[in-house]
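As a plain string of letters, each chain reads:
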Amino acid sequence: MADNAAIRAKVEELGERAWDVEGITARFRKLQKEGIPPRRLNKDELLADRDGIRDRVQRRAEEYNFITKNCAQGTALALMEEFGVGNMEVIKALTQFPGIGGMGEICGGITGSLITFGLVFGGDDPLDFETVGPTMMIAQKFMSFFEDEVGYIHCANIQEVIFGRNMDPGASEEKMAAFANAKGFEKCGYAPGTGARLAVDFIIDNLK
C-alpha cells in the first residue's frame, strides 16, 4: 500500500534538490556520443551490489527525467545504462511515452521499465513466442508492485498524489508553464525513480 507521507517527503526533497545540470548533461551527452556500453550480466555480482544498484538507478532516473523532461526516457535510460542493454534509438522512440502521448495514461516510470524488460528478457527472434509468456508475467507483476508502491499506474492519478490535482501539462502551453512553475519536472522524478528502483529487483531476480 502506498505510503502517502513518505511520497510527499520524497516529492518535497526532489522539489528542493540542487540539480547538477552540467554533470548530468555531460553524462547524457557521452551516452549519445559513445552509446550505451554493453555489459555481460553476472547474477551473483548483481545480487552482491543490489542495494547500490537500486540507489544509483533511482538517482539517475530522477536526474535523466529532470534534464529530458520525460519520465519514460529517464526511467529507461537509467536502467539501460546500468544493465548495458539497448541504445539511444530506444530513448528516441520513447519521446511520446510520458502518460502515453501526454494523455495522462500509463506512467513513464512503468513504460520505461517495460521497455528495458523487453531488452533484457525478450528473445532475439520475434517469432519465438516461448519468450513472450515469461516476459509478460514479469511485466504484469511489476505493474502490480508499482501500483502498490505509488498508489496508481496512470499519470493523471499520480499527479493528484504529487500536486493535489492533475496538472494536465499536455493540454496546452499555459498548463505546461503552470506545471513547470510548480516544479513539475523536479517533483515528477518520483515516479521514474520509483519505477526504476523497483525494476532493478525484477531484472536481477529473473536473470537465469
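For the structure, check the block above.
Below is a short write-up of the structure.

Here the focus is the packing of aromatic side chains. For the structure on display, the rule yields 9 aromatic pairs. Seen in terms of ring centroids, Phe142 and Phe202 are 5.6 Å apart; in terms of plane orientation they differ by 90°. Their pairing is edge-to-face. Residue Phe142 is located in helix H9 (residues 132-150), and its partner Phe202 is located in helix H13 (residues 190-206); the two are separated by 60 residues in the primary sequence. Within the aromatic cluster, the residues linked to one another by ring pairs are Phe117, Phe142, Phe145, Phe146 and Phe202. One residue, Lys69, lies across the ring of Phe66, its end atom 4.8 Å from the ring centre. The aromatic ring of Phe185 is capped on one face by Lys69, whose charged end is 5.5 Å from the ring centroid.

The next subject is a nonpolar patch on the surface. A cluster of nonpolar side chains, contributed by Leu127, Phe129, Val132 and Met136, occupies part of the molecular surface with about 450 Å² of accessible area. The class of Leu127 is exposed, set by a relative accessible area of 67%.

The next subject is the environment of Ile115. Along the chain, Ile115 falls in helix H8 (residues 108-121). When its relative accessible area of 31% is taken as the criterion, Ile115 is described as partly exposed. In this structure the C-alpha to C-alpha distance between Ile115 and Leu47, which are 68 residues apart in sequence, comes to 22 Å. If we skip the residues at most four places from it in the chain, Ile115 touches Val90 and Leu94.

What follows covers the packing of helix H4 (residues 50-68) against helix H5 (residues 71-83). One way to put it is that H4 packs onto H5 with a least axis distance of 7 Å and a crossing angle of 140°. Considering their axes alone, H4 and H5 lie oblique with respect to each other. In the crossing of H4 with H5, the sense of the turn from one axis to the other is right-handed. For the pair formed by H4 and H5, the contact residues are Ile53, Arg56, Val57, Arg60, Ala61, Tyr64, Asn65 and Thr68 on the first element and Cys71, Gln73, Gly74, Thr75, Leu77, Ala78, Leu79, Glu81, Glu82 and Phe83 on the second. Split by residue class, the contact of H4 with H5 holds 9 nonpolar, 5 polar and 4 charged.

About the cut-offs
Residues numbered from 1 in each chain as written. Predicted model: local features only at pLDDT ≥ 70, side-chain atom pairs only at ≥ 80, totals over all residues. Heavy atoms only, no water. Phe/Tyr/Trp six-rings, centres within 6.5 Å; stacked < 30°, edge-to-face > 60°. Helix = DSSP H or I, 4+ residues; strand = E, 2+ residues; numbered from the N terminus. Lys NZ or Arg CZ within 6 Å of the ring centre and 35° of its normal. Patch = residues over 30% accessible without salt bridge, like charges linked within 9 Å, V, L, I, M, F, W, Y side chains within 5 Å. Areas by Shrake-Rupley, 256 points an atom, 1.4 Å probe, with all protein chains shown as cover. Salt bridge = Lys/Arg side-chain N within 4 Å of Asp/Glu carboxyl O. Buried < 20%, exposed > 50% of the residue type's maximum accessible area, 1.4 Å probe, protein only. Contact = heavy atoms within 4.5 Å. Axes fitted to C-alpha atoms, helices over the stretch in contact; angles between N-to-C directions. Parallel < 35°, antiparallel > 145°, perpendicular 65-115°, else oblique. Left-handed = near helix turned anticlockwise from the far one by under 90°. Nonpolar A, V, L, I, M, F, W, Y, C, P; charged D, E, K, R; others polar.

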